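# Structure at a glance
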Amino acid sequence: MRRARIGVVITASVFSVLAVLLVLAAWRDDSLINSDKGVTSAEVLSAGTLRSAVIFVTPDGETHNPKTGVLYPTKLTVGERINVEYRRSDPDLVRVAGRDARVAIIPALSVIVVAWTIALPLLWLLGSPPTLWFNAIVRWARAARGRSSRARSAG
């Protein structure tokens, strides 16, 4: 049973960390685009919930169809003309104009909530009631407080 509980905690933790990393990666992409931004109009070639393909022409006359699609592709339709923001030094990094990493926060939080909504009852069923979790957190907090006070007195 102990291994099963550990597996549940690891699985929920992995989903949580991946969701946070997804938001951080989106912020990184936005930062890269904002540091060297170009704006143009694009045509939506294919539209999906996870990936949408666009084609656009940059001011130098070059046509771009990013292999990874456009960032934040929700609610696009095939044939639609949209404004996009791209990184001029890397036109394959493109997002729908007006959208940014904030649109990734709610889905990421949803993944975290669902993961732990499934994990916590499972842990309880596997013999780890909430009172044990609370006691473990209290012990951890006391130990951390003790370490920090020893570090201050030693420093």
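Residues numbered from 1 in each chain as written. Predicted model: local features only at pLDDT ≥ 70, side-chain atom pairs only at ≥ 80, totals over all residues. Heavy atoms only, no water.

## With respect to the environment of L76
Structurally, L76 can be placed in the loop between β3 (63–64) and β4 (81–87). Under the relative-accessibility criterion, L76 is labelled buried at 9%. As a C-alpha pair, L76 and W27 span 49 residues in sequence and 21 Å in three-dimensional space. The contacts of L76, once residues within four sequence positions are left out, are V44, A47, S52, V70, I82, V96 and R99. (Helix = DSSP H or I, 4+ residues; strand = E, 2+ residues; numbered from the N terminus. Buried < 20%, exposed > 50% of the residue type's maximum accessible area, 1.4 Å probe, protein only. Contact = heavy atoms within 4.5 Å.)

## Points about the sheet that holds strand β1 (residues 37–46)
Spatial ordering of the open sheet is given by β3-β2-β1-β4-β5, a layout of 5 strands whose pairing is antiparallel. If you trace the sheet from one side to the other, it starts and ends with β3 and β5 (90–96), each paired once. With 7 bridges joining them, β1 and β4 adopt antiparallel strand pairing. Note that in β4 the partner of K37 across the bridge is R87. Along the sheet, helix α1 (residues 2–35) makes contact with β1, β4 and β5, crossing β5 at roughly 110°. (Pairing = 2+ DSSP bridges. Axes fitted to C-alpha atoms, helices over the stretch in contact; angles between N-to-C directions.)

## Details of the pattern of salt bridges
Summed over all chains, the structure comprises 6 salt bridges. Of the charged contacts in the structure, one is a salt bridge between D29 and R28, with a shortest N-O distance of 3.4 Å. Judged by its relative accessible area of 17%, D29 is buried. According to the relative accessible area criterion, R28 is exposed, its value standing at 52%. Through salt bridges with shared partners, a single network forms among D30, K37, E85 and R95. (Salt bridge = Lys/Arg side-chain N within 4 Å of Asp/Glu carboxyl O.)

## Some thoughts on the nonpolar core
Core analysis: the biggest nonpolar cluster contains 11 residues, these being A42, V44, V54, F56, V70, L76, I82, V84, Y86, V94 and V96. Listing elements by their share of this core, those giving two or more residues are β1, β2 (53–57), β4 and β5. Top element by residues in this core is β4. It accounts for 3 residues. The residues touching I82, leaving out its near neighbours within four places in the chain, are T40, S41, A42, V44, V54, L76 and V96. Core analysis: the next-biggest nonpolar cluster, separate from the first, contains 7 residues, V23, A26, Y72 and A108 among them. (Core = buried A, V, L, I, M, F, W, Y, C linked by side-chain atoms within 4.5 Å.)

## Overview of the pairing of β5
By the criterion of burial, β5 is predominantly enclosed, with 5 of the 7 residues buried. As paired strands, β4 and β5 are joined by 4 bridges and run antiparallel to one another. Bridging across to β5, R87 finds its partner in D90. Adjacent in sequence and paired antiparallel, β4 and β5 are bridged by 2 residues.

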